[in-house]
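Per-entry structural report
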Amino acid sequence: MFLHCGSYKLPLSRPLIMGVINVTPDSFSDGGKFLEPKPAIAHAKALIAEGADLLDIGGESTRPGAAPVSLEEERRRVLPVIEALAGGALPISVDTQKPVLMREAVAAGASLVNDVYGFRAEGAFESVASVASSGAAICIMHMQGEPRTMQHDPQYVDVVAEVGAYLAERVRAAIAAGIARERIVVDPGFGFGKTQAHNLALLRGLGRFKDIGGALLAGLSRKTLLGRITGREPDAREFASVAAAMLAVQNGAHIVRVHDVAATRDALAVLRAYEQID
Ligand code: HH2
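This text gives an overview of the structure that appears in the document. Just so we're clear, the structure is a prediction, and the values are computed from it rather than from any experiment.

Remarks on the environment of Gly191
Checked against the element boundaries, Gly191 lands in the loop between β8 (184-187) and α6 (196-204). Taking the C-alpha atoms as reference, Gly191 lies 32 Å from Ser7; in sequence the two are 184 residues apart. Among all residues touching Gly191, those that are not within four sequence positions of it are Met150, Gln151 and Asn199.

Here is the structure:
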């Protein structure tokens, strides 16, 4: 099994690590550290050296209550970074909800479009599909509500079933828009309109989402759910994040989206060695 991402073909037989680059002033764990292209590109190169398999470049924070960013500003933040990194050893993903920027990022060399809004904006699927020869992959994430208000009392009857049904419906829509299944990644969206109990139920039930798209991604790194468990601030959640990435992979995730690549790499190497014992 492979994830086809532009001209890249990533094997899903071992867990993949997506390194996070937030080109934002206000991301919840690293806001302001990589706002200019130079430090963002240097950080990307460091994550590549640490063993990332793909990099996710975002120019708009999605933390609860984050202020929306204009198209011009988001473009100014992410396009120079994508242009500098695209065409290298690993695929570059763009984390955006804006169809225009999706198209521009793919034209600049991004080979995966990661949309926390699940491509529900008018023209979002078409915008990826229209970049005809790029063969870009997409990541469809589940979110209840929108970032500004999503943590105001999220409600589900059966969170795993409802998130699964949503992802399945979005995958059908993506395929109908011309995106092949082997280019579709799904993600239950930890922390996006979910209580602590919802997040833990999703982590435990992750295996139910494994075959909905071509690959399954989990993003737990430094999130509040880990802060609630450990009592630690975002930049001190590395150990908890590694533990969560291990659980996600054991429960079926093909890709983990993380800030701490080196630590995650080592932990997953141990898991892999352990699983290969006969
Ligand atoms: N989480 C964040 C952003 N994008 N994309 C996917 N597919 N899955 C996630 O879980 C996910 C995501 C939030 O993390 P981060 O980018 O570090 O923070 P911020 O949104 O504040 O920039």
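Section: the packing of aromatic side chains
Tallied over the entire structure, the rule returns one aromatic pair. Between Phe119 and Phe125 the ring centres are 5.3 Å apart and the planes differ by 10 degrees, which places this aromatic pair in the stacked class. Comparing Phe119 with Phe125 shows no difference in burial state: the two are buried. Seen from the ring of Phe2, Lys9 lies directly overhead, with NZ or CZ sitting 4.4 Å from the centre. Between the NZ or CZ atom of Arg120 and the centre of the ring of Tyr117, over which it lies, the distance is 4.2 Å.

Thoughts on the site of the ligand
Near the ligand, the surroundings consist of 18 residues, among which Ser27, Ser61, Thr62, Asp187 and Lys223 are the closest. Interatomic distance of 2.9 Å between a side-chain N/O atom of Asp95 and a nitrogen atom of the ligand. Arg257 is positioned with one of its side-chain polar atoms (N or O) 2.9 Å from an oxygen atom of the ligand. Here the residues of the shell around the ligand sort into six nonpolar, seven polar and five charged.

About the criteria used
- Residues numbered from 1 in each chain as written.
- Predicted model: local features only at pLDDT ≥ 70, side-chain atom pairs only at ≥ 80, totals over all residues.
- Heavy atoms only, no water.
- Helix = DSSP H or I, 4+ residues; strand = E, 2+ residues; numbered from the N terminus.
- Contact = heavy atoms within 4.5 Å.
- Phe/Tyr/Trp six-rings, centres within 6.5 Å; stacked < 30°, edge-to-face > 60°.
- Buried < 20%, exposed > 50% of the residue type's maximum accessible area, 1.4 Å probe, protein only.
- Lys NZ or Arg CZ within 6 Å of the ring centre and 35° of its normal.
- Near = heavy atom within 4 Å.
- Polar contact = N/O pair within 3.5 Å; in protein donor to acceptor, adjacent residues only side chain to side chain.
- Nonpolar A, V, L, I, M, F, W, Y, C, P; charged D, E, K, R; others polar.

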